[in-house]
Amino acid sequence: MDLGFYALQLLTGLAYASTLFLLSVGLSLIFGAMGIVNFAHGSFYMLGAYFLYAFTRGQADGFWGGLLLVLATGFVIGAFVERIFIRRVYARPEEYQILLTYALLLIIEDLVRFFFGTGYRAFPMPQAFAGPLFLFGTPFPSYYLFLIGLAAISALLLGLFLYRTRLGAWIRAATQDREMLEALGVNVPLLYTVVFGMGIALAALGGAALLPMQAATPGMAVDAVINAFIVVVIGGLASVWGALLGAVLIGLVQALGVLFLPEWAMVFPFALMALVLLLRPWGLLGRPPAVRT
Amino acid sequence: MKGWFAPLLLALGLALAQSQQPIKIGALFTLSGNFAGYGKSGSQGAQLAAEEINARGGVLGRPIQLIVVDDQGNPDVGVREARRLILQEKVDFLFGIDSSSVSLAVAPLTDEYKIPLVVTHAATPNLTEQCRPYVFRTSNNARMDSWAAAALAATLPVKRWANIGPDYEFGRVSWQDFITRLKQLRPDVEVVSEQWPRFGSTDYASFITALTRARPEAVFSTLWAGDMVIFARQAKQFGFFNQVRYFMNPVGAALEVLGPLGKEAPEGLLVSARYWFLYPNTERNKAFVEAYRKRFGEYPSYNAEEAYAGLHMLARAIEKARSTQADAVKRAFEADGGLVYEAPEGRKWMRPEDHQVFEGLVWGYTKHTPDYPFAILERMRIVPATDTIYPTRCKR
């Protein structure tokens, strides 16, 4: 019984990790390839949740189609935002990207409030996941297994894409040396548009996939982006695998922490982050900053 | 004749101009961020009350002018806005306030500028226990909610209790008040688990499994707003509500919670709010609900009714004082054993010592009906105001 319970607790931790991974992997990808610190990342995550709600009119039977539609819309919006806004600040000091993406965060929050109101929007559980599974004799929401699967598949596909395709190779090359990549004839501006679109699409997918377990509100963007930054700071800001590792660590520390030190539940993610910052300030899988000569 | 006529005319003119001048009330509500829904309800309730008062000719012949500002739930913003309302808008009263931390930050301004503050939502008991002369609270506070919950819990046939609450002052103090009071009433109860998720958490899975493992018979919770919405949805997926006999939440019957949960709300939760729009079944309450629906197209949440009643109660005090001057209004609130007002929810009585209003509280079990798109309360249990009257250290 007790072993089963710990297994279950690990599973809840992994489910939480999955949500964190979907939220933060795009942030990592965009920073790694483009050097953009996207404060509006949580806003696109929020938009994903609201779009799913809008596309399906809040009805559970439109869930699967809605999810795909959110993914596609997320990519288009991301590409659009990169072309119209982000592109203008590459050559400028970093303060500009912070100002710009922070402005986007505020604008999107107000747009959402304008179109959807201030209340919470909840989405019913899709039919396929309506009943709980019984694991070790305890009910466990089947949707959590779906979330774990979705995160695992996303990580796998992203890994295959980055390491097995030419476009992926270019993106990895962009993290190393942009000028050289451009000199070799790669259309880097277009590449950036694609990367930003992908990062945003992943965030939007994450927001949408979480909606049946959570609830959408205009304030969720800020909470989300803080969580995303904690994950990537732990894992290493420029690394997709870092996002995965950071998410899994937080999820497990949280799940096991509440068993042994329930009084301190709130402290775990921050304590973990502080520890990493002390020992490896560039994150567990990040690269130490190169010394420029 | 000419000699005294002109000054008389002037005096009359001045008096008339004075009587036309509105009584300015600066209302602080949280209108942005995660709790904007609560601020919206509160400001709407206050607005409806102001319109009613003005329609019947105002107070002391002067109309009420309500100036609503967004405090963002942030103490710094709240203080800045309150100061601006006092110094630039020249308000006579401050009003509203959703967040406890904003209320505690704004309260000292009442002494500094001698401008009374009437709080209609912020629920930390500390606000009124500071015994400030110009701070009044016309809604019930978290300690009263906890005491009412304990009075009710003492009648339930269970001993093993657990808690899940947001990890900040409100959650911690509410649980302390509840369990201390419950142990006074029922020395045989024991606490089997306490869970403290961060306020604003979006994932409760590990808390739910940890809670279930302790096998409590009853769970007390002060999760509110989106936290309660998300917790209830996730806990339901875990079959949590079938494994505990009672789940009590003194703020769970807020329409800001039951509305978004819709038909997914679990049934049989024992919840309360500081007002429930279907109770009491009086003409007064029905008229209020009808007027509110007609004006805003939705049912009044507890925060709407508390702000509505609070503004009416303040108007009553001003009328009784025949003045808007702070000390006169204070005396009007305190005189004759404390001001009494018949609100839509029932009788509100202000205790003169600490300026805290006491009122009966309605609890009930959630239940779905075809008549409403959200769960409503059935098997209602009324906790009388006398069960919530805790001792105060204030003296007047």
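For clarity, every value in this text was computed on a predicted model and none was experimentally measured.

### Quick notes on the overall build of chain A
Part 1: Summing up its helical and strand segments, chain A has 11 helices and 2 strands in all.
Part 2: When the helices and strands of chain A are read in sequence order from the N terminus, they spell out α-α-α-α-β-β-α-α-α-α-α-α-α.
Part 3: In terms of overall size, chain A behaves like a compact globule, its C-alpha atoms giving a radius of gyration of 19 Å where 293 residues would be expected to give roughly 19 Å.
Part 4: Expressed as lengths along the three principal axes of its C-alpha atoms, the size of chain A is roughly 60 × 45 × 35 Å.
Part 5: For chain A, with 293 residues in total, the buried portion stands at 51%.
Part 6: Sequence separation of at least 24 residues holds for 77% of the intrachain contacts in chain A that already meet a minimum separation of 6.

### Details of the interface of chain A and chain B
Part 1: The partner chain B presents 34 residues to the 34 residues of chain A that form the contact.
Part 2: Contributions of two or more residues to the side of chain A that touches chain B are made by helix H1 (2-34), strand S2 (138-140), helix H5 (142-164) and helix H10 (240-260) of chain A.
Part 3: If you tally residues by element for the side of chain A that touches chain B, the top one is H1 of chain A, at 8 residues.
Part 4: Broken down by class, the residue content of the side of chain A that touches chain B amounts to 21 nonpolar, 10 polar and 3 charged.

### Quick word on the sheet that holds strand S15 (residues 376-383) of chain B
Residues and elements named next belong to chain B.
Part 1: A sheet is described by the order of its strands in space; here 7 strands give the open sequence S7-S6-S8-S9-S10-S14-S15, paired in mixed fashion. Taken across any chain shown, the strands that pair with only one partner, and hence form the sheet edges, are strand S7 (190-195) and S15. Strand-to-strand twist of the sheet, defined as the mean angle between neighbouring strand axes without regard to direction, takes the value 25 degrees.
Part 2: Here helix H8 (residues 205-213) sits on the sheet and contacts strand S6 (160-164), S7 and strand S8 (218-221); the angle it forms with S7, its principal contact strand, is near 165 degrees.

### So, the environment of Val 70 of chain A
Residues and elements named next belong to chain A.
Part 1: Tracing the chain through its elements places Val 70 in helix H3 (residues 63-84).
Part 2: Expressed as a C-alpha distance, the spacing of Val 70 and Asp 177, which sit 107 residues apart in the sequence, is 32 Å.
Part 3: Contact partners of Val 70, with chain neighbours within four places excluded, come to Gly 48, Phe 51, Leu 52, Phe 55, Ala 204, Leu 205 and Ala 208.

### Some remarks on the domain arrangement of chain B
Residue and element names in this part refer to chain B.
Part 1: According to the domain assignment, chain B contains domain 1 (2-140 + 282-358) and domain 2 (143-275 + 361-388).
Part 2: Taking only C-alpha atoms, the centre of domain 1 and the centre of domain 2 are 31 Å apart.
Part 3: Across the contact, 18 residues belong to domain 1 and 17 residues belong to domain 2.
Part 4: Of all the secondary-structure elements, those providing two or more residues to the side of domain 1 that touches domain 2 are helix H2 (36-55) and helix H13 (302-321).

### A short note on the nonpolar core
Part 1: Ranked by size, the top nonpolar core spans 223 residues in total, and within it Met 46, Val 195, Ala 204 and Ala 208 of chain A together with Val 106 of chain B carry the most contacts.
Part 2: In terms of residues, this core owes the most to one element, H1 of chain A, which gives 16 residues.
Part 3: When residues are assigned to domains, this core turns out to be shared by domain 1 (2-140 + 282-358) and domain 2 (143-275 + 361-388) of chain B, each giving three or more.
Part 4: Residues within four places of Val 106 of chain B in sequence aside, it is in contact with Leu 28, Gly 78, Val 79, Ala 82, Leu 94, Ile 97 and Leu 117 of chain B.

### Observations concerning the pairing of S6 of chain B
All names here are of chain B.
Part 1: The element S6 is largely enclosed, with a buried count of 4 among its 5 residues.
Part 2: Bridging between S6 and S7 involves 5 bridges; their strand directions are parallel. For Arg 160, the partnering residue across the bridge sits in S7 and is Glu 190.
Part 3: Following the chain from S6 across helix H7 (residues 169-185) to the adjacent parallel S7, one finds a crossover that is right-handed.
Part 4: Pairing of S6 with S8, which is carried by 4 bridges, proceeds in the parallel orientation. Within S8, the position partnered with Trp 161 by the bridge is Ala 218.

### Here's the deal with helix H3 (residues 75-87) of chain B
Residues and elements named next belong to chain B.
Part 1: The end-to-end C-alpha distance of H3, which contains 13 residues, comes to 18 Å, matching closely the 18 Å that a straight helix rising 1.5 Å per residue would cover.
Part 2: Residues Gly 78, Glu 81, Ala 82, Leu 85 and Ile 86 constitute the buried set of H3. Along the axis of H3, the buried residues cluster in a sector spanning 135 degrees; they form a single face. Away from its buried face by more than 90 degrees, H3 exposes Asp 76 and Leu 87.
Part 3: Tucked into the core, H3 has its buried residues touching strand S1 (23-29), strand S2 (64-70), strand S3 (93-96) and helix H4 (100-113).

### Digging into unusual backbone geometry
Part 1: In this model, Tyr 279 of chain B is joined to Pro 280 of chain B through a cis peptide bond whose omega is -5 degrees.
Part 2: Despite not being glycine, Arg 57 of chain A shows a phi value in the positive range, around 55 degrees.
Part 3: Looking at where Arg 57 of chain A falls in the secondary structure, it is placed in the loop between helix H2 (41-56) and H3.
Part 4: With 8 C-beta atoms counted inside 10 Å, the residue Arg 57 of chain A sits in the exposed group.
Part 5: The backbone of Leu 60 of chain B shows a phi angle near 55 degrees, a positive value even though the residue is not glycine.
Part 6: Within the secondary structure layout, Leu 60 of chain B lies in the loop between H2 and S2.
Part 7: For Leu 60 of chain B, a count of 15 C-beta atoms within 10 Å puts it in the partly exposed group.

### A closer look at helix H11 (residues 268-279) of chain A
Part 1: When the terminal C-alpha atoms of H11 of chain A are compared, their 17 Å separation across 12 residues agrees well with the 16 Å that a helix rising 1.5 Å per residue should span.
Part 2: Of the surrounding secondary structure, the elements contacted by the buried residues of H11 of chain A are helix H9 (220-235) and H10 of chain A.

### Some remarks on the pairing of S3 of chain B
The side chains of a regular strand alternate between the sheet's two faces.
Residues and elements named next belong to chain B.
Part 1: Pairing of S1 with S3, which is carried by 4 bridges, proceeds in the parallel orientation. Its bridge partner being in S3, Leu 28 is matched across the sheet by Gly 96.
Part 2: Direction of pairing for S3 relative to strand S4 (residues 117-119): parallel, over a ladder of 3 bridges. Directly across from Phe 95, in S4, lies its bridge partner Val 118.
Part 3: One crossover worth recording links S3 to the parallel S4 by way of H4, and it is right-handed.

The rules behind these values
Residues numbered from 1 in each chain as written. Chains lettered and ligands numbered in written order. Predicted model: local features only at pLDDT ≥ 70, side-chain atom pairs only at ≥ 80, totals over all residues. Helix = DSSP H or I, 4+ residues; strand = E, 2+ residues; numbered from the N terminus. Rg over C-alpha atoms; globule rule 2.2 N^0.38 Å. Buried ≥ 20, exposed ≤ 12 C-beta atoms within 10 Å, placed from the backbone. Contact = placed C-beta atoms within 7 Å. Nonpolar A, V, L, I, M, F, W, Y, C, P; charged D, E, K, R; others polar. Pairing = 2+ DSSP bridges. Axes fitted to C-alpha atoms, helices over the stretch in contact; angles between N-to-C directions. Domains from an automatic or database assignment. Core = buried A, V, L, I, M, F, W, Y, C linked by C-beta atoms within 7 Å. Right-handed = clockwise from strand over helix to strand, strands pointing away. Expected span 1.5 Å × (residues − 1). Arc of directions from axis to C-beta.

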